[in-house]
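Next come the chains, spelled out residue by residue.
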Amino acid sequence: MRLAELSERSGVSTATIKYYLREGLLTPGRQVNATTADYDESQLRRLRLVRALIQVGRVPVATAREVLGHVDDESLGRTIRLGAALWALPQEPEPDDQDPAVRSARREVDQLLADLGWETARELAPLSPVHRSLVAAVATLIRLGYSWDAELLAPYAELMHQVAVRDLDHLETHTSDAERVETAVASAVLFEPVLRALHRLAQEQESARRYGIE
């Protein structure tokens, strides 16, 4: 397809596509002549991912470039490639270990992972921005007087493991590792709000079932 069709099918203006090309977020099309290039379905898919990262997820261009670099890094194994791309997304800052709430939260999260038998998560914990985000969130709860410990967190973690199984089942329907990682990154930006909304709708439904709607 030509640039105009790529713009029409993606919903991204031609000026923005040219900007993404200059910034290295999108690979150049196949040059037809000095002024015209052809683009294919893989570039359309990538363009939609770039748009999700920058326009929906508000990810800075430099960060988006880093994420996409991991998506395209064929030297990495599938798990590391996926993890590196997701870790490159904006994350919480490192929590202050001098804060008693943070130290308590870290103990509870470590206990949670041990109880669940999530050995990979435990091994990667010192490097993982996702682990850091969980510790920071639990620390906030503790600081405000909500005692969310490993025992209370475990059933939620087990439910999220079921979600992860479905996520990876869906990823495996794609034919290439690049497509799988692209889909995972897009889901992190676009689908996590869906999960949050479904959670709140489920709370509304269960509240009405238990207490009525009067």
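Residues numbered from 1 in each chain as written. Predicted model: local features only at pLDDT ≥ 70, side-chain atom pairs only at ≥ 80, totals over all residues. Heavy atoms only, no water.

Student: Could you give me a rundown of the confidence of the model for the protein chain, with the residues and numbers involved?
Tutor: Mean pLDDT over the protein chain works out to 89, with 100% of the residues at or above the 70 mark. The least confident element of the protein chain, judged by mean pLDDT, is helix H5 (residues 78–87) at 81; the most confident is helix H6 (residues 100–116) at 96. (pLDDT = per-residue confidence, 0-100. Helix = DSSP H or I, 4+ residues; strand = E, 2+ residues; numbered from the N terminus.)

Student: Quick rundown of the pattern of salt bridges? Include the residues and the values.
Tutor: Applying the stated criterion across every chain, the model contains 16 salt bridges. Measuring nitrogen to oxygen at the nearest pair gives 2.8 Å for the salt bridge that ties Glu41 to Arg9. Placement of Glu41 in helix H3 (residues 41–56) and of Arg9 in helix H1 (residues 3–10) is noted, with a sequence separation of 32 residues between them. Glu41 sits in the partly exposed class, given a relative accessible area of 45%. Residue class for Arg9 comes out partly exposed when judged on its relative accessible area of 36%. (Salt bridge = Lys/Arg side-chain N within 4 Å of Asp/Glu carboxyl O. Buried < 20%, exposed > 50% of the residue type's maximum accessible area, 1.4 Å probe, protein only.)

Student: Mind laying out the layout of surface pockets, listing which residues take part and the relevant values?
Tutor: Size it by volume and the second largest pocket reaches roughly 190 Å³. Contributing elements (two or more residues each) for the lining of the second largest pocket: H3, helix H4 (61–71) and helix H10 (177–190). Of the residues forming the lining of the second largest pocket, the biggest block, four residues, is contributed by H3. Among the residues making up the lining of the second largest pocket, the classes are represented as four nonpolar, five polar and five charged. (1 Å grid on protein atoms, 1.4 Å probe; cavity = no way out; pocket = protein on both sides within 12 Å on 5 of 7 lines; lining within 4 Å. Points joined across faces, edges and corners; volume = space filled by probe spheres on them. Nonpolar A, V, L, I, M, F, W, Y, C, P; charged D, E, K, R; others polar.)

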